[in-house]
Amino acid sequence: MTDKKVAVITGAGSGVGKAVAQALLAAGFHVVLAGRRAELLEQVKTEAQTQHGLGERVHCVPTDVSDPEAVAALFASAVAKFGRVDLLFNNAGRGNPPGSFVDWTPDQWREVVDVNLNGMFYCLQQAFKVMQGQSPQGGRIINNGSISAHAPRPNSIAYTATKHAVMGLTKTAALDGRPYNIAVGQIDIGNAMTDLASRMAKGVPQANGDIAVEPMIDVAVVGQSVLYMASLPLEANVLFHTVMATKMPFVGRG
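Criteria and cut-off values
Throughout, a residue's number is its position along its own chain's written sequence, starting from 1. This being a predicted model, a pLDDT of at least 70 is required before a residue's local features are given, and a value of 80 or more before pairs of side-chain atoms are given or counted; all residues contribute to the totals for chains, interfaces and linings. Excluding hydrogens and water, the side-chain figures rest on all heavy atoms present in the structure. Axis geometry follows a simple rule: fit a line to the C-alpha atoms, using only the stretch in contact for helices, then measure angles between N-to-C directions, giving values from 0 to 180 degrees. Helix and strand definitions follow DSSP, with helices as H or I runs of at least four residues and strands as E runs of at least two, each counted in order from the N terminus. Each crossing is labelled by how the near helix is turned from the far one, with a counterclockwise turn of less than a right angle marking it left-handed and a clockwise turn marking it right-handed. Here, residues are in contact when the closest pair of their heavy atoms is within 4.5 Å. Gly is put with the polar residues, along with every residue not named as nonpolar or charged; the nonpolar set is Ala, Val, Leu, Ile, Met, Phe, Trp, Tyr, Cys and Pro, and the charged set is Asp, Glu, Lys and Arg. Exposure categories follow from relative accessible area, calculated using a 1.4 Å probe and restricted to protein chains: below 20% of the type maximum is buried, above 50% is exposed, and the middle band is partly exposed. Orienting the strands away from the viewer, one traces the path from the first strand over the helix to the second; a clockwise path indicates a right-handed crossover. Any two strands are treated as partners once DSSP identifies two or more bridges connecting them.

1. Some words on the packing of helix α3 (residues 68-82) against helix α4 (residues 106-133)
- Between α3 and α4, whose axes approach to 9 Å, the crossing angle comes to 35°. As for the relative orientation of α3 and α4, their crossing is right-handed in sense. Residue-level contacts link Pro68, Val71, Ala72, Phe75 and Val79 of α3 to Tyr122, Cys123, Gln126, Ala127 and Val130 of α4.
- Each residue belonging to the contact of α3 with α4 can be placed in one class, and the counts come to nine nonpolar, one polar and no charged.

Written as structure tokens, this is what we have:
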């Protein structure tokens, strides 16, 4: 047995991924940071070292999650560095192309699906392989869904479709993980202050056609939410967890 807990975080260079990395590091995890931009990953590592002296517990692996070979290399690097993987925060994602979907090219549609759905599957698949084979067996996977997995916004068809698909991944993987002590859950986030969501604070279209400024929450709250899910013993699982700005237009949206 080992007390060392190892987490792999995709999309870790900024926003939600960075906030989760900081929360897990503060709680004692060893963290593998994955993302497309190596310089952002290194900034997160440098901050961890200069602010808290935790740099030795951070391993950076530049990764494009839409490339299955790159994802396989990510998990191989995590195991080579820290010996195992106890947690995957399956977080990397992207938003919609601009404008109406009527005008999108097939490539614009595929780019969203490649990251938000295919990339999440590739990471889920590799995490299962590692967690099935390690000793002690098992681990936890937390997929980053969205409020859009439950209710869409106007002009969000690619993002919303992929987040609905992520819910299917979560439910099925939670079932398939049972024989291997792998717990799979999902966090659905509403209006955390990140670059992706910052436009909410400036006014976004509502279902009735209005433009409205929406309340936001500090992204650190999301980090604490993921840490809560990750801190449970493997015999317990949060299948779906929604964390949102209390006054955002979700409940009763329409």
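Alright, that's what it looks like, and here's the rest.
2. Comments concerning the pairing of strand β2 (residues 30-35)
- In terms of burial, β2 is largely enclosed, as six of its six residues are buried.
- Side chains His30, Val32 and Ala34 project from β2 onto one buried face, and the interleaved Val31, Leu33 and Gly35 project onto a second face that is buried too.
- Regarding the hand of the β-α-β motif, the stretch spanning strand β1 (residues 6-10), helix α1 (residues 15-26) and β2 is right-handed.
- As paired strands, β2 and strand β3 (residues 58-62) are joined by five bridges and run parallel to one another. If you follow Val31 over to β3, its bridge partner there is Val58.
- You can see the chain leave β2, run along helix α2 (residues 38-52) and come back into β3, and the turn it takes is right-handed.

3. Observations regarding the environment of Phe128
- Inspection of the secondary structure assignment puts Phe128 in helix α4.
- Using a relative accessible area of 11% as the deciding quantity, one classes Phe128 as buried.
- Separated by 49 residues in the primary sequence, Phe128 and Gly177 place their C-alpha atoms 7.8 Å from one another.
- Not counting the four nearest positions on each side in its chain, Phe128 is found in contact with Ile141, Ala173, Asp176, Gly177, Ile182 and Val184.

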